[in-house]
Amino acid sequence: MTAPSVSLNQAQNNEQPISVPGFFLLFSNRLPPVFNKFSKRPDGFAPLPETTCNTLNRWRAAAQSHVLGPAFIQSDRLAVHPLGRIDLGGSKDQEPCHADVCLITHVAGVALWEVWIPAPRQSFSPELWINWLDINQTDSMAERVWQRLSTISQSIAGTSDYDDYYPLSVIRLPDIELAGWLDAHAEQVVSLLWRDQISRPLKTNVVIDELARDTCPRVGGINLIGRRSALDLHDLNDKSNTLEAEALDLPPRSAFPFLITVELLCIERAVLQGLYDRLTHAGPHSIDDLLTLKKEVMDGLEEFYGATLASTRFNDIVAEQGDAVLGIADLFDAVTDRIEMVSFTLTTEYQQRMTALQFWLTVVFGATEIGFIAASLATWYYRSGLWVVLAWTVGAAVVSGGVLVTRLRRRLRD
């Protein structure tokens, strides 16, 4: 993609185009192994219209097949549990009115809450959207959503807190060509990616470098992954997708491949963090525990070993970049280093125990053998003196045992 010529004040001086914004809020936390599925729809959640639900399932299945591949899908490592639609009570014309929620579970014991929030058509307004996505701001859109989900999370995961929060902004510009528009709005695009609430302008080279990480293979599109959020931006080349999705309150079909990759990256990070915490705070206490934990770790690392890098070239680029930007590669190294350290500690402790056992077995068998020899000699000299023979036997065994302990300990120290 050609780097835009960025003017720091151009964005503010140009009329903002009409956009179709929508937002995915992704919350991850741990999931106990007892959870299977929801027995009933939680209170306050309405079912999606049948047409919307069928279209959503069809688009998601097609994107998963394209991005993840049939082998991964058939392994049933992921499961999607739709919850339904909640009312957000938007008080202004431009605010979202509702959100569609589903829970994605992973076999390694991770839950990812996926919340889709479509917003009405409005001017391109990153500052406003950044406030909506601020989970730490009281009564923000993100904060209101989690307040609704926290009670459900408490009931199924045992906690009302999330481990990680990661939003994905899906923006469509149905009447604008991206190439010319981006020259004037590049800084705003980067600010939205960073969720930057500081009013001071960004340096030109920073904006150019950030936009150079675009992974979208299509003309008129941008896919960016940042540490605080991700961004999927398309222009009028995606107009037919935009209109179809807008009519059903769904995310555009073109957003699903990027969404699925970002979700799997979030799951990877959650799985690795859980493994690291377990290795750090509740490590194995025996060799059998270590072998069991190693199996779980290898199973949990399955995605990192190749599931996200085994399909399309688009997916390769996004996954590799996400591994670096989200710190997944570093976390993977930390987990593998930690399990090697735990393995070394347990193996060393096991070897020490075996050495101690061999030491005392040598003492016991050596002393017993010498005692038997003493008993044979005493029996020959004292044929009728049972207690004398017994005294010789016990005494010889104790004395020889003491000598063996002294000699063996000295050898071990040397």
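Residues numbered from 1 in each chain as written. Predicted model: local features only at pLDDT ≥ 70, side-chain atom pairs only at ≥ 80, totals over all residues. Heavy atoms only, no water.

A few words on the side chain of R60. Relative to the assigned elements, R60 resides in helix 2 (residues 50-67). A relative accessible area of 8% means that R60 is categorised as buried. Separated by 2.7 Å, the side chains of R60 and E114 make a polar contact. Apart from residues no more than four positions distant in its own chain, R60 is found in contact with V80, C102, I104, E114, F256, I260 and E263. (Helix = DSSP H or I, 4+ residues; strand = E, 2+ residues; numbered from the N terminus. Buried < 20%, exposed > 50% of the residue type's maximum accessible area, 1.4 Å probe, protein only. Polar contact = N/O pair within 3.5 Å; in protein donor to acceptor, adjacent residues only side chain to side chain. Contact = heavy atoms within 4.5 Å.)

This brings us to a negative patch on the surface. Together, D330, D333, D337 and E340 make up a negatively charged patch on the protein surface. Its place among the elements puts D333 in helix 13 (residues 328-381). (Patch = residues over 30% accessible without salt bridge, like charges linked within 9 Å, V, L, I, M, F, W, Y side chains within 5 Å. Areas by Shrake-Rupley, 256 points an atom, 1.4 Å probe, with all protein chains shown as cover. Salt bridge = Lys/Arg side-chain N within 4 Å of Asp/Glu carboxyl O. Lys, Arg positive; Asp, Glu negative; His and termini not counted. Charge placed at Lys NZ, Arg CZ, Asp CG, Glu CD.)

Turning our attention to helix 8 (residues 239-248). Taken residue by residue, helix 8 has N241, T242, A245 and L248 as its buried positions. The buried side chains of helix 8 occupy one side of the element, clustering within an arc of 140 degrees when seen end-on. Seen from the buried face of helix 8, the exposed residues on the opposite side, beyond 90 degrees, are S240 and A247. Those residues of helix 8 that are buried lie in contact with strand 1 (18-30), helix 2, strand 2 (78-87) and strand 6 (164-172). (Arc of directions from axis to C-beta.)

Bringing the confidence of the model for the protein into the picture now. Close reading of the predicted structure is inappropriate where its pLDDT is low. Mean pLDDT over the protein stands at 80; residues scoring 70 or higher make up 73%. Low confidence marks residues 1-14, where pLDDT is under 50. Its contacts with residues over four positions away, or in another chain, come to 29 contacts. Of the regions scoring below 50 in pLDDT, residues 307-313 engages in 17 contacts with residues more than four places distant in sequence or in other chains. (pLDDT = per-residue confidence, 0-100.)

This paragraph deals with the pairing of strand 3 (residues 98-106). Of all 9 residues in strand 3, 9 are buried, a share of seventy percent or more. Across 9 bridges, strand 2 lies against strand 3 in antiparallel orientation. Across the sheet, residue D87 finds its bridge partner in strand 3, namely H98. Summarising the sheet, strand 3 and strand 4 (residues 110-118) pair through 7 bridges and their orientation is antiparallel. Its bridge partner being in strand 4, D100 is matched across the sheet by W116. The loop that links strand 3 with its antiparallel partner strand 4 comprises 3 residues; one of these, G109, has a positive phi angle of about 90 degrees. (Pairing = 2+ DSSP bridges.)

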